[in-house]
Amino acid sequence: MEGIHEILNALFSDSYHEGDCLATIIHVKGSAYRKEGTSMLLRSDGTKVGMLSAGCLETDLSYRAQEARDEGKVKSVIYDMREEDDLSWGQGAGCNGVIHVLLEPVDAFLRDHLYKLKFHLDNGHRVTMIKKMTEENSVSDYLFLSDDQHYFGKWHGRVLNEAKSLLNEIHQNFPKSGIRYFAELSSNVYIHSFEPKPRLVVFGAGADAVPLVKVASQTGFSVIVSDWRSALCNVDYFPDADGWLVGNPHETIPLLHLTRSDSVLVLTHQFQKDQEILDHLKGKDLMYLGVLGPRIRTQRLLEGLTIPQEINSPAGLSIGAEGAEEIAISIVAELIQKQRCKRKQKAITFER
């Protein structure tokens with residue numbers, strides 16, 4: 001999922017680190033462990049948030065980040081991972097890719113703009129970033145544009161006429177991150193769209209929901225737990241959740257304002273409650289709707305009607321999972337699969 005959320009949380013936690021450096025993969029030729037748009041934060045105390053490789057590059061990146069800090073400049077570093085001998089960057093891994101990494105010291109300006117990025121993402125808005133590249137693969141200008149038409153950054157020239165006009169073209173023609181040449185700007189431009197955290201609503205606060213909420217949270221979902229029992233639906237039982245909603249389904253569902261980017265999982269283990277939830281969610285356009293338990297039970301919940309295609313029953317990929325932890329993994333794997341498929345379908349539509 002989008003690693004930027006972990007980075008932004010670290011940047012704006014209580015412990016402020018002066019001299020942070022943001023490292024971002026801006027171009028990949030061939031294959032690599034991570035793709036364009038992946039970022040990590042290299043902190044001045046030597047700690048790191050996120051990863052750009054399987055551990056091959058991070059040590060060298062720490063030295064390069066210190067150089068960028070000392071010089072106070074944005075730098076670009078190229079790692080050729082194609083060689084398979086132990087003396088090369090490939091270190092015998094044979095990744096068969098060339099990776100371009102942009103190193104940006106987090107100064108006061110960038111920090112302020114990253115704070116605004118966090119604000120928009122936390123409020124559910126996608127934000128597209130445009131960076132104007134120099135011939136040395138440094139950055140001369142950058143701009144963040146949110147889907148609700150807010151923009152901020154360091155940009156010379158006419159923002160509205162020049163950069164904002166590119167937003168629609170980017171989403172239609174360049175859904176993937178990377179470097180593109182834009183004739184309108186007479187420059188190579190690095191583009192990347194930051195997506196809000198995908199939201200998962202878990203109906204049911206039983207013991208089997210605990211590992212599910214934990215795994216989903218660790219893989220980048222913003223999780224809300226909803227249950228009518230306040231003794232179970234709270235931060236003590238679900239410390240990894242982002243929200244806890246106590247009440248019966250007819251009370252809580254209207255408060256969620258569910259959208260097509262949301263996923264819902266039903267596992268209250270209470271037949272009437274599950275039935276009530278499905279009745280309220282009928283016809284909702286969701287990213288994912290899953291029901292725990294065998295299909296025959298789901299059919300009973302629907303009063304014998306054929307299970308609609310949009311209901312995933314039983315929830316989770318068929319991996320022969322047993323026990324709450326394995327079932328949690330199978331469900332989160334299916335959630336990730338749905339997210340990826342939706343993005344691919346969107347990209348194919350744009351390319352047509």
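> Give me the lowdown on the overall build of the protein, citing residues and values where you can.
Broken down by element type, the protein carries nine helices and 16 strands. For the protein, with 352 residues in total, the buried portion stands at 47%. Long-range pairs, those at least 24 residues apart, make up 53% of the contacts in the protein between residues at least 6 apart in sequence.

> So what about the packing of aromatic side chains? Which residues, and what values?
Enumeration according to the criterion identifies three aromatic pairs in this entry. With 5.9 Å between their ring centres and 80° between their planes, tyrosine 142 and phenylalanine 144 make a pair best called edge-to-face. The burial state of tyrosine 142 is the same as that of phenylalanine 144; both residues are buried. Taken together, a centroid distance of 5.2 Å and an interplanar angle of 15° make the contact between phenylalanine 144 and phenylalanine 152 stacked. Judged by its relative accessible area of 1%, phenylalanine 144 falls in the buried class. Grouping aromatic residues by their ring pairs yields a cluster made of Tyr142, Phe144 and Phe152. Arginine 229 extends its terminal NZ or CZ atom over the ring of tryptophan 228, reaching a point 4.3 Å from the ring centre.

> Please provide a residue-by-residue account of the packing of helix α6 (residues 249-256) against helix α7 (residues 271-281), values included.
Interaxial distance between α6 and α7 falls to 10 Å at its minimum, and their mutual angle equals 35°. Viewed along their axes, α6 and α7 form a crossing whose handedness is right-handed. Contacts between α6 and α7 involve Pro249, His250 and Ile253 on the former and, on the latter, Lys273, Glu276, Ile277, His280 and Leu281. Split into classes, the residues belonging to the contact of α6 with α7 amount to four nonpolar, two polar and two charged.

> Describe the environment of asparagine 137, listing the residues and the values that go with them.
Position of asparagine 137 relative to the elements: it lies in the loop between β6 (127-133) and β7 (139-146). Spatially, the C-alpha atom of asparagine 137 lies 9.8 Å from that of tyrosine 190, the residues being 53 residues apart in sequence. Not counting the four nearest positions on each side in its chain, asparagine 137 is found in contact with Ser76, His100, Leu102 and Ile179.

> Break down the environment of alanine 324 for me, with residues and values.
Here alanine 324 lies in helix α9 (residues 323-351). What makes alanine 324 partly exposed here is its relative accessible area of 26%. Taking C-alpha positions, alanine 324 is 8.2 Å from alanine 207, a pair spaced 117 residues apart along the chain. Alanine 324 has contacts with Asp208 and Pro211, leaving out every residue within four places of it along the chain.

> Give a detailed account of the pairing of strand β14 (residues 262-266), specifying residues and quantitative values.
Counting buried residues along β14, five of its five residues qualify, which places the element largely inside the surrounding structure. Of the two faces of β14, the one lined by Asp262, Val264 and Val266 and the one lined by Ser263 and Leu265 are each fully buried. Bridge analysis of strand β11 (residues 199-203) against β14 gives five bridges, and the strand direction is parallel. By the bridge assignment, leucine 200 is partnered in β14 with serine 263. Examined bridge by bridge, β14 and strand β15 (residues 288-291) share four bridges and lie parallel to one another. Bridged to leucine 265 within β15 is glycine 290.

> Describe the nonpolar core, and please don't skip the residues or the numbers.
A general trend in soluble globular proteins is that nonpolar side chains are found buried together. By size, the foremost hydrophobic cluster in this structure holds 24 residues, and its most contacted members are Leu41, Leu114, Leu117 and Phe144. Elements with a minimum of two residues in this core: α1 (4-11), β1 (21-30), α3 (108-122), β6, β7 and β10 (187-194). With residues near it in sequence (within four places) discarded, phenylalanine 144 still touches His113, Leu114, Leu117, Val127, Thr128, Met129, His150, Tyr151, Phe152 and Phe194. Counting 22 residues, the second largest nonpolar core, distinct from the first, contains Ala205, Leu212, Ala216 and Val223.

> So what's going on with the pairing of strand β4 (residues 75-80)? Which residues, and what values?
With burial as the criterion, only one face of β4 is covered, namely that bearing Lys75, Val77 and Tyr79; the residues Ser76, Ile78 and Asp80 on the opposite face remain uncovered. By the bridge criterion, six bridges tie β4 to strand β5 (residues 97-105) in an arrangement that is antiparallel. For lysine 75, the partnering residue across the bridge sits in β5 and is leucine 103.

> Explain the side chain of arginine 199 to me, and be specific about the residues and the numbers.
Of note, arginine 199 is situated in strand β11. Reaching out from arginine 199, the side chain makes a polar contact with the backbone oxygen of leucine 256 at a distance of 2.7 Å. For arginine 199, the side chain forms a polar contact with the side chain of aspartate 262, separated by 2.8 Å. Setting aside anything within four residues of it in sequence, one finds arginine 199 in contact with Ser222, Ile224, Leu256, His257, Leu258, Ser261, Asp262 and Ser263.

Calculation notes
Counting restarts for each chain: residues are numbered from 1 in the order of the written sequence. Owing to the predicted nature of the model, reporting of local features is limited to residues with pLDDT of at least 70; listing and counting of side-chain atom pairs is limited to 80 or more, with chain, interface and lining totals taken over all residues. Just so you know, side-chain values use all the structure's heavy atoms and leave hydrogens and water out. Segments assigned H or I by DSSP are reported as helices when at least four residues long, segments assigned E as strands when at least two residues long, and all are numbered from the N terminus. To sort residues, take the accessible area from a 1.4 Å probe on protein chains only and compare it with the maximum for the residue type: under 20% means buried, over 50% means exposed, and anything in between is partly exposed. By definition, residues are in contact when any of their heavy atoms lie within 4.5 Å. Each pair of aromatic rings taken from Phe, Tyr and Trp, with Trp reduced to its six-membered ring, is defined by centres within 6.5 Å and is described as stacked if the planes are under 30 degrees apart, edge-to-face if over 60, and tilted in the remaining cases. Here, a charge over a ring means that NZ of Lys or CZ of Arg falls within 6 Å of the ring centre while also lying within 35 degrees of the ring normal. For every element, the axis is a line fit to its C-alpha atoms; helices are fit only across the contacting stretch, and the angle between N-to-C directions ranges from 0 to 180 degrees. Handedness of a helix crossing follows the sense of rotation of the near helix relative to the far helix, less than a right angle counterclockwise being left-handed and clockwise being right-handed. The residue classification treats Ala, Val, Leu, Ile, Met, Phe, Trp, Tyr, Cys and Pro as nonpolar and Asp, Glu, Lys and Arg as charged. All others, Gly included, are polar. Note: two strands are recorded as paired if DSSP finds a minimum of 2 bridges between them. For this analysis, a nonpolar core means a set of buried residues of the types Ala, Val, Leu, Ile, Met, Phe, Trp, Tyr and Cys, connected via side-chain atoms within 4.5 Å. In the analysis that follows, any N or O atom pair within 3.5 Å is treated as a polar contact, provided that within protein one partner can donate a hydrogen and the other can accept it, and provided that, for residues neighboring in sequence, both atoms belong to side chains.

Honestly, it's all geometry; don't read function into it.
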